[in-house]
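This is what each chain is made of:
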Amino acid sequence: MPIYSTQQKESALQKMMPPNNISISKLSIEMGIGESTLYNWRKQAIDKGHLVPGDGSNAEQWSSANKFAVVLETATLNQAELAGYCRKKGLYAEQIAAWRSACMDANANVKEQEKAFTIEAKKDKKQINQLEKELRRKDKALAETAALLVLRKKANAIWGEAEDE
């Protein structure tokens, strides 16, 4: 099992990060490091809180956790620092602003959503009760009709068919 230096590890992680976003399979061939090792390094970096999408995808396809990490990293940056950060990571300031507003709005409407959910649940329950009531009524009518048909057959068997006059 080969042992890699921390410089090789940092170099590989840097190549996985934006703006390069080199896929692990290409990086494995390029650096001569096994894919499983690179996957482990990427997982460790993500666990430490570093932003490493590393799948060659554009920023809009990143996971919510990665987008949230960018929002946290850029929360205290001024415009000049934000621009430098965006160049370094291969992002746009507008993307980060949109992600920030999405994060801020994530829990904004919780009360309204809960209220709408309870109202919807009450309407559904009322409709279910109405449908069950209608089903019981139809079942009773069907049972009554079946009973009348059985009685008519028995009456016809006992007294014969009614003659039209």
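(A) Region of interest: the overall build of the chain. Counting its secondary structure elements, the chain contains 7 helices and 0 strands. Along the chain, from the amino end to the carboxyl end, the secondary structure elements read α-α-α-α-α-α-α. For the chain, the residues scored as buried account for 21% of the 165 residues in total. Nonlocal contacts in the chain, meaning residues at least 24 apart in sequence, comprise 50% of its contacts between residues at least 6 apart.

(B) Highlighting the packing of aromatic side chains. Taken as a whole, this structure holds 1 aromatic pair when the rule is applied. Note on Tyr4 and Trp41: the rings are 5.6 Å apart at their centroids and 90° apart in plane angle, and the pair reads as edge-to-face. Within this pair, whereas Tyr4 is found in the segment before α1 (6-16), its partner Trp41 is found in helix α3 (residues 35-47), the two being separated by 37 residues in sequence.

(C) The packing of helix α2 (residues 24-31) against α3, seen in detail. One can describe the packing of α2 onto α3 by two numbers: an axis separation of 9 Å at closest approach and a directional angle of 120°. Classed by the angle they form, the pair α2 and α3 counts as oblique. The handedness of the crossing between α2 and α3 comes out as right-handed. The segment α2 lies against α3, with Ile24, Ser25, Leu27 and Ser28 engaging Glu35, Leu38, Tyr39 and Arg42. Tallied by class, residues from the contact of α2 with α3 come to 4 nonpolar, 2 polar and 2 charged.

(D) Seen up close, α1. The complete set of buried residues in α1 reads Ala12, Leu13 and Met16. For α1, the buried positions fall inside an angular range of 100° around the axis, keeping them on one side. Opposite the packed face of α1, turned more than 90 degrees from it, sit the exposed residues Gln7 and Glu10. Looking at the buried side of α1, the elements it contacts are α2 and α3.

(E) Looking closely at the pattern of salt bridges. One pass over the structure, following the stated rule, counts 2 salt bridges. Residue Lys15 pairs with Glu30 through a salt bridge whose shortest N-O separation is 2.9 Å. Placement of Lys15 in helix α1 and of Glu30 in helix α2 is noted, with a sequence separation of 15 residues between them. Residues Lys138 and Glu134 are paired through a salt bridge, measuring 3.1 Å at the closest nitrogen-oxygen approach. Note that Lys138 and Glu134 are positioned in helix α7 (residues 110-159) at a spacing of 4 residues, about one turn of the helix. The exposure class of Glu134 is partly exposed, given its relative accessible area of 32%.

(F) Examining the confidence of the model for the chain more closely. Of the residues in the chain, 89% reach a pLDDT of 70 or more, and the chain-wide mean stands at 84. The lowest-confidence element of the chain is helix α4 (residues 64-74), averaging 83 in pLDDT; the highest-confidence one is α7, averaging 93.

Criteria and thresholds
- Residues numbered from 1 in each chain as written.
- Predicted model: local features only at pLDDT ≥ 70, side-chain atom pairs only at ≥ 80, totals over all residues.
- Heavy atoms only, no water.
- Helix = DSSP H or I, 4+ residues; strand = E, 2+ residues; numbered from the N terminus.
- Buried < 20%, exposed > 50% of the residue type's maximum accessible area, 1.4 Å probe, protein only.
- Contact = heavy atoms within 4.5 Å.
- Phe/Tyr/Trp six-rings, centres within 6.5 Å; stacked < 30°, edge-to-face > 60°.
- Axes fitted to C-alpha atoms, helices over the stretch in contact; angles between N-to-C directions.
- Parallel < 35°, antiparallel > 145°, perpendicular 65-115°, else oblique.
- Left-handed = near helix turned anticlockwise from the far one by under 90°.
- Nonpolar A, V, L, I, M, F, W, Y, C, P; charged D, E, K, R; others polar.
- Arc of directions from axis to C-beta.
- Salt bridge = Lys/Arg side-chain N within 4 Å of Asp/Glu carboxyl O.
- pLDDT = per-residue confidence, 0-100.

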